[in-house]
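Understanding the architecture of this molecule
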There are 2 protein chains.
Amino acid sequence: MSSSTLPNSYTFQPIGIIESPYQEKFGVPRQANLVAAKSRIRLLAPYNTPDALQGLTEFSHLWLHFVFHLCLRQTWKPKVRPPRLGGNQSLGVFATRSSFRPNPIGLSLVRLESIHTDQQDIYIEIRGADLVAGTPILDIKPYLPYADIQPQAHAATWAQEAPDPLNVHWTPEALANLQVVEEMQNLYELITQVLAQDPRPAYHHKTDPHRVYGVKLSGYNVNFCYRNSEQAPFGAPRPCIWVLAIKPL
Amino acid sequence: MSSSTLPNSYTFQPIGIIESPYQEKFGVPRQANLVAAKSRIRLLAPYNTPDALQGLTEFSHLWLHFVFHLCLRQTWKPKVRPPRLGGNQSLGVFATRSSFRPNPIGLSLVRLESIHTDQQDIYIEIRGADLVAGTPILDIKPYLPYADIQPQAHAATWAQEAPDPLNVHWTPEALANLQVVEEMQNLYELITQVLAQDPRPAYHHKTDPHRVYGVKLSGYNVNFCYRNSEQAPFGAPRPCIWVLAIKPL
């Protein structure tokens with residue numbers, strides 16, 4: 001088939017929807033597996049048949065193709081400014097995994113935990129997803145170590161390692177807020193891991209270093225700020241992310 | 001965004017087209033990196049700008065999202081019969097990388113060789129692709145070893161290792177055909193590597209073991225058959241794929 005006879009476009013339908021603790025783009029980890037939080041894929045009809053998943057649990061990891069559905073109205077540009085480069089250096093969009101792409105298709109590697117059915121619904125329980133709740137899933141494929149692991153592969157200097165996690169320090173007020181939460185330990189770990197990834201926009205680092213942020217996680221609004229100054233109390237590591245308060249949404 | 005307000009479908013446009021030695025589905029390796037053949041991506045307008053690729057060559061490997069464009073008219077079924085299981089055992093489609101999927105999106109990891117421009121065209125030269133010529137590319141992403149290599153990942157028994165390559169034995173007639181080919185050594189290696197992957201449909205193995213096949217590679221029709229019998233001549237390994245003849249298309 002020559003390119004002149006190729007269709008101009010291809011249309012795909014979601015086969016499932018992500019349910020995750022990430023309720024907005026802000027706070028979502030910037031790659032998979034940086035935060036071990038649990039999520040799940042709810043399969044949509046007509047794909048919610050156990051037949052389509054037969055043999056899947058023999059694999060430990062899955063590739064998810066998904067739509068960056070909250071970036072659909074953004075215009076594509078050939079260059080983007082990855083957060084890993086501090087937001088002040090631009091790169092070709094195809095040299096990054098930015099969500100602002102010509103085709104807003106994402107790729108995430110997640111750990112498969114289990115499959116469970118609940119009346120008509122089929123859920124694939126996963127860990128390590130970097131996907132906002134409501135993300136449409138286009139496809140699920142098994143991770144094939146013999147093909148997908150390329151030990152000799154090398155990346156650009158800026159992408160060679162995961163970003164160093166920041167210290168996360170809970171104020172007594174935030175810890176007190178946590179006492180009334182039902183799944184306290186899970187929420188503590190989720191918040192700590194998410195904030196250790198420093199979700200702040202890179203361009204705030206200099207312009208607004210003490211700003212207080214709110215991030216929505218698992219039904220709670222979490223207030224936090226960054227401290228790299230004399231303002232941190234005795235005993236708090238610095239630099240660190242300070243968890244200030246947690247309130248139900 | 002709740003699933004009730006999600007769009008029913010998403011439409012994407014090809015950003016590039018594959019030029020590869022594989023001129024038809026038959027003969028295409030069944031995973032990436034099983035055959036080291038060279039291919040290239042020709043970027044389509046308006047994506048054919050060097051800006052969109054800036055920084056890409058700092059990565060050694062790329063993920064390609066593509067469309068299984070020759071499988072579009074096939075009906076989706078929840079179960080498929082992977083060639084790796086001899087074609088007589090069925091598995092859930094999401095537990096395989098079969099090209100017959102609800103959304104015919106493929107994922108291949110390829111080695112990046114170089115980028116070159118030729119008048120208006122921009123080509124990304126790659127190795128190891130398992131893509132038929134003319135395949136539409138939807139997206140290109142850098143391979144991130146820290147995120148994409150999961151050494152502890154495990155696969156189903158049937159997918160733990162690449163299939164053992166078969167012996168490939170060239171008949172004197174096929175070797176004579178090769179003498180007049182311009183890039184003789186490249187074609188020899190391509191044919192040997194492709195046939196070592198045993199492109200025969202699994203269901204022929206028993207029903208039609210001596211059938212003579214033709215496969216189109218790099219502008220040539222290659223005739224071959226399988227030999228696991230007393231018919232193999234002295235000196236030829238068995239089992240083996242026998243290369244019988246090569247003719248320009």
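Values in this document were obtained by computation on a predicted structure and should not be read as measured data. (Residues numbered from 1 in each chain as written. Chains lettered and ligands numbered in written order. Predicted model: local features only at pLDDT ≥ 70, side-chain atom pairs only at ≥ 80, totals over all residues. Heavy atoms only, no water.)

Examining the overall build of chain A
Put simply, the rule reads: Numbered from the N terminus, helices here are DSSP runs of H or I no shorter than four residues, and strands are runs of E no shorter than two. Whether two residues touch is decided by their heavy atoms; if any such pair falls within 4.5 Å, the residues are in contact. For every accessible area listed, the method is Shrake-Rupley and the probe measures 1.4 Å; residues are considered covered only by the protein chains on display. This count recognises Lys and Arg as positive and Asp and Glu as negative, with His and chain-terminal groups excluded. Lysine's charge is taken at NZ, arginine's at CZ, aspartate's at CG and glutamate's at CD.
From N to C terminus, chain A includes four helices and 13 strands. Its C-alpha atoms give chain A principal-axis dimensions of roughly 65 × 45 × 40 Å. The long-range share in chain A, meaning contacts at least 24 apart out of those at least 6 apart in sequence, stands at 69%. Carbon and sulfur atoms make up 48% of the accessible area of chain A, which totals about 11400 Å². Between the centroid of the 22 positive side chains of chain A and the centroid of its 20 negative side chains there is a distance of 12 Å.

Things to note about helix α3 (residues 184–196) of chain B
Turn by turn, an α-helix covers 3.6 residues, leaving residues three or four places apart pointing in a common direction. Residues and elements named next belong to chain B. For clarity, the threshold we go by: Given the number of residues in a helix, its expected span is that number minus one, multiplied by 1.5 Å. Whether a residue is buried, partly exposed or exposed follows from its accessible area with a 1.4 Å probe, protein chains only, as a fraction of its type maximum: under 20%, in between, or over 50%, in that order.
Counted at 1.5 Å a residue, the expected span for α3 with its 13 residues is 18 Å, and the 18 Å between its end C-alpha atoms agrees. Every buried residue of α3 is listed here: L187, L190, I191, V194, L195 and A196. Of the surrounding elements, those touching the buried residues of α3 are β10 (167–170), α2 (172–178), β11 (213–217), β12 (220–227) and β13 (240–248). Remark: D198 follows α3 within two positions and exhibits a positive phi of approximately 55 degrees.

What about the side chain of A:R97?
Condition: Polar contact is the term for a pair of N or O atoms within 3.5 Å; when the atoms are in protein, one must be able to donate a hydrogen and the other to accept it, and sequence-neighboring residues count only if both atoms are side-chain atoms.
By secondary structure assignment, the location of A:R97 is in the loop between β6 (91–92) and β7 (105–118). Its relative accessible area of 14% is what places A:R97 among the buried residues. Polar contacts involving the side chain of A:R97 include one to the main-chain carbonyl oxygen of B:P142, which spans 3.2 Å. Within the structure, A:R97 has its side chain in polar contact with the side chain of B:D148 (distance 2.2 Å).

Remarks on the sheet that holds strand β12 (residues 220–227) of chain A
Sheet strands pair via backbone hydrogen bonds, and the direction of the pair is either parallel or antiparallel. Residue and element names in this part refer to chain A. Condition: Only when DSSP finds a minimum of two bridges between them are two strands counted as paired. In this analysis an axis means a line fitted to C-alpha atoms, helices contributing only their contacting stretch, and an angle means the value between N-to-C directions, from 0 to 180 degrees.
Judged by pairing direction, the sheet is mixed, and its four strands sit side by side in the order β10-β13-β12-β11 without closing on themselves. Looking at which strands have only one partner, the edges of the open sheet turn out to be β10 (167–170) and β11 (213–217). The average angle at which neighbouring strand axes cross in this sheet is 35 degrees, direction not considered. With five bridges connecting them, β11 and β12 associate as antiparallel partners. Looking across to β12, one finds that V215 is bridged to V222. Lying on the sheet, helix α3 (residues 184–196) is in contact with β10, β11, β12 and β13 (240–248); it crosses β10 at an angle near 135 degrees.

Description of the relation of the copies chain A and chain B
Operational definition: Fitting of the copies onto one another was done by least squares over C-alpha atoms, counting residues only where both copies have pLDDT of at least 70.
Aligned on chain B, chain A shows an RMSD of 0.0 Å; the corresponding rotation is 180 degrees and the shift along the axis is 0.0 Å. Interpreted geometrically, this transformation is the action of a two-fold axis. Of the C-alpha atoms belonging to chain A, the one lying closest to the rotation axis is found on A:T11, 2.1 Å away. Most of the interface of chain A is mirrored in chain B: 100% of its interface residues are interface residues there too.

Concerning the pattern of salt bridges
Any two side chains of opposite charge can pair, on the condition that their charged atoms come close. Our working rule: Take a side-chain nitrogen of Lys or Arg and a carboxyl oxygen of Asp or Glu: if they are within 4 Å of each other, that pair is a salt bridge.
Enumeration according to the criterion identifies 20 salt bridges over all chains in this entry. Residue A:R127 pairs with A:E113 through a salt bridge whose shortest N-O separation is 3.4 Å. Here the residue A:R127 occupies a position in strand β8 (residues 121–127), and A:E113 occupies one in strand β7, the gap between them amounting to 14 residues. A relative accessible area of 28% places A:R127 in the partly exposed class. On the basis of relative accessibility, which here comes to 39%, the residue A:E113 falls in the partly exposed class. One salt bridge in this structure joins B:D139 and B:K141, with 2.8 Å as the shortest N-O distance.

Remarks on the domain arrangement of chain A
All names here are of chain A. As a reminder of what qualifies: For the domains described, the bounds stem from an automatic or database domain assignment. Two parts placed together each lose some accessible area; with a 1.4 Å probe, that loss summed over both constitutes the buried area.
When cut into domains, chain A gives domain 1 (9–148) and domain 2 (164–248). Taking only C-alpha atoms, the centre of domain 1 and the centre of domain 2 are 25 Å apart. At the interface, 14 residues of domain 1 touch 18 residues of domain 2. The largest per-residue losses of area from domain 1 upon contact with domain 2 belong to Q23, F26 and R30, which jointly make up 41% of the total buried on that side. Scanning the region where domain 1 abuts domain 2 turns up one salt bridge.

Focus on the sheet that holds strand β2 (residues 16–19) of chain B
Spatial strand order, β2-β3-β8-β7-β4-β9 (chain B): six strands in a closed barrel with antiparallel pairing. Between one strand axis and the next, the sheet turns by 45 degrees as a mean value, whatever way the strands run.

Details of the packing of aromatic side chains
Let me state the cut-off plainly: Two rings belonging to Phe, Tyr or Trp (six-membered ring only in the last case) form a pair when the distance between their centres is within 6.5 Å. Interplanar angles under 30 degrees mark stacking, angles over 60 mark edge-to-face geometry, and anything in between is tilted.
For the structure on display, the rule yields 18 aromatic pairs over all chains. Ring plane angle 70 degrees and centroid distance 5.0 Å describe the contact between A:W76 and B:Y47, whose orientation is recorded as edge-to-face. Taken together, the residues span two chains, with A:W76 in the loop between β4 (61–67) and β5 (79–80) and B:Y47 in the loop between β3 (38–43) and β4 (61–67). Site record: aromatic cluster; members linked through ring pairs are A:W63, A:Y143, B:W63 and B:Y143.

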